[in-house]
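Here is how the chains run, residue by residue.
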Amino acid sequence: MIPVAEALDRICALLSTMPVEHVPLRECAGRILAQPVSARRTQPPFAASAMDGYAIGESDAQVGHSLRVVGESQAGLGFNGEVSAGCAVRIFTGAPVPSGAQRVVIQEDVTRSLDSITLNSIDQGLHIRPAGADFSKGDIVSAGLITPARIALLAAMNIAEVPVYRRPVVALIATGDELVVPGEQPGPDQIVSSNIYAVTAIVQAAGATPRILPIAPDTLDGLRDVLDMARGADLIVTLGGASVGDHDLVAQVAGDAGLALDFYKVAMRPGKPLMAGRLGDAIMIGLPGNPVSAFVCAHVFLRPALDRMLGGTGAPLPRSVMPLTKALGPNAGREHYMRAVREGDGVRVYDRQDSSLLSVLDASDILVVRAPNDPARIAGDMVETIPLH
Ligand SMILES: Nc1nc2c(c(=O)[nH]1)N[C@H]1C(S)=C(S)[C@@H](COP(=O)(O)OP(=O)(O)OC[C@H]3O[C@@H](n4cnc5c(N)ncnc54)[C@H](O)[C@@H]3O)O[C@H]1N2
Ligand code: MOO
């Protein structure tokens, strides 16, 4: 058994960043800009009015002055002439400031009668946004996370498509003769496959494209056939069949198919029988079948792995320290990821931690992580936590 941190390092070492593709802006939210891009235009492209009012020359900016209104500049349609002394041009927010004007007087400070205005007061602001006040042609947006704000910036720069890392295709295979898909009628000894849907949701939220394959039966041929269907995926995730039972065939079938196993078994609970390796052009991660084990492993390993494939660092999930609201017994030799719930500023670990209990998982909003051989803890002791949502 290897420690969790080493297992994650080894998974990340197997992976590489996905190839770059260009996608329209509406598809890039939350993805990582793979290369710097440069602005294709200057913004604003001209000196623009910041207010609705009148564009005038500076020499006319005197209280009591009356000026003749000689034209209009609106957003999208400027005034072609010159603003000469004694004249003003009606102007609106976002419109080009005509040549000869150095300030905009807001309309609240003016009395208008027919084609002239009288200036009642002159404020400090010129109310003009100079050309290039926001950015200039050639300015660089550096690689990194594409936030909503950054999408607006890219759009304003007239960049319609951006380079991002292609979403990895993740093939997901549930294994076991006992399983049926939700909605099917299970036989007397069967249950409904559940964990794959949680892992699929985690994969999707991480920005990858999940591909759920048919449930693989507990036969060498059947499992091989389903594994074959995973061809073309960037990451293959199996669920179950990872342990030591007579019907746990994943390692054997994947090995026959050419899996170069990198490691098997991690010193964690739940999640011990985890395996990972390279299978052809893909990486394979074999998750344990117990629903909570698969869920925890998907958080602890798949999320960072997908983050790395999508251009991130692949760093472990961030942890924060919180006080326990209820005592805990000593931990055994594996790092323990315990289902827990926030209570005020603290956290309470559920008593029942069996890795089959989805009702307890559903009631949890946080995991408490305990180091191997962590001693007994009392209420108020600080523990490490990972939020689930
Ligand atoms: N003698 C030992 N037995 C077991 C060990 C061990 O070290 N020695 N490890 C235990 C641990 S820890 C785990 S975790 C499980 C993992 O076993 P597998 O990965 O082989 O998983 P399965 O046997 O296929 O299934 C375990 C359990 O989970 C249920 N399951 C499986 N897939 C699904 C699914 N898609 N949806 C819902 N439930 C699923 C399955 O029915 C079993 O109940 O092994 C322990 N045993
Ligand atoms: O590791 Mo198993 O995943 O304890 O239930």
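Only a predicted model underlies this, so the values are computations on that prediction, with no experimental measurement involved.

### Section: the domain arrangement of the protein
For the protein, the assigned domains read domain 1 (4–18 + 167–309), domain 2 (20–41 + 140–165), domain 3 (48–129) and domain 4 (320–387). Domain 1 and domain 2 are separated by 33 Å when their C-alpha centres are compared. Taken residue by residue, the interface counts four residues in domain 1 and five residues in domain 2. Between domain 1 and domain 2, a total of about 370 Å² is buried, with carbon and sulfur atoms accounting for 48% of that surface. Per-residue buried area on domain 1 facing domain 2 is highest for T17, M18 and R167; these three make up 88% of the total on that side. Across the contact surface, domain 1 and domain 2 share one residue pair in polar contact (both at pLDDT 80 or more). Each residue belonging to the side of domain 1 that touches domain 2 can be placed in one class, and the counts come to two nonpolar, one polar and one charged.

### Digging into the site of ligand 1
Around ligand 1, the surrounding shell holds 21 residues, and the nearest of these are E178, S194, N195, S243 and K272. Between ligand 1 and S194 there is a distance of 2.9 Å, counted from a nitrogen atom to a backbone nitrogen or oxygen. Note that an oxygen atom of ligand 1 is positioned 3.0 Å from one of the side-chain N or O atoms of D248. Elements with a contribution of two residues or more to the shell around ligand 1: β17 (191–192) and α6 (291–309). Across the shell around ligand 1, the residue classes tally to nine nonpolar, nine polar and three charged.

### Quick notes on the packing of helix α3 (residues 195–205) against α6
Following both chains from N to C, one finds α3 and α6 inclined at 20°, their axes separated by 9 Å at the closest point. Accordingly, the angle class assigned to the pair α3 and α6 is roughly parallel. In terms of crossing hand, the pair formed by α3 and α6 is right-handed. Residues N195, A198, V199, I202 and V203 of α3 pack against P291, A294, F295, A298, H299, L302, R303 and L306 of α6. A breakdown of the residues in the contact of α3 with α6 according to their chemical character gives 10 nonpolar, two polar and one charged.

Each value, and the rule that gives it
Residues numbered from 1 in each chain as written. Chains lettered and ligands numbered in written order. Predicted model: local features only at pLDDT ≥ 70, side-chain atom pairs only at ≥ 80, totals over all residues. Heavy atoms only, no water. Domains from an automatic or database assignment. Contact = heavy atoms within 4.5 Å. Buried area = accessible area lost by both parts, 1.4 Å probe. Polar contact = N/O pair within 3.5 Å; in protein donor to acceptor, adjacent residues only side chain to side chain. Nonpolar A, V, L, I, M, F, W, Y, C, P; charged D, E, K, R; others polar. Near = heavy atom within 4 Å. Helix = DSSP H or I, 4+ residues; strand = E, 2+ residues; numbered from the N terminus. Axes fitted to C-alpha atoms, helices over the stretch in contact; angles between N-to-C directions. Parallel < 35°, antiparallel > 145°, perpendicular 65-115°, else oblique. Left-handed = near helix turned anticlockwise from the far one by under 90°.

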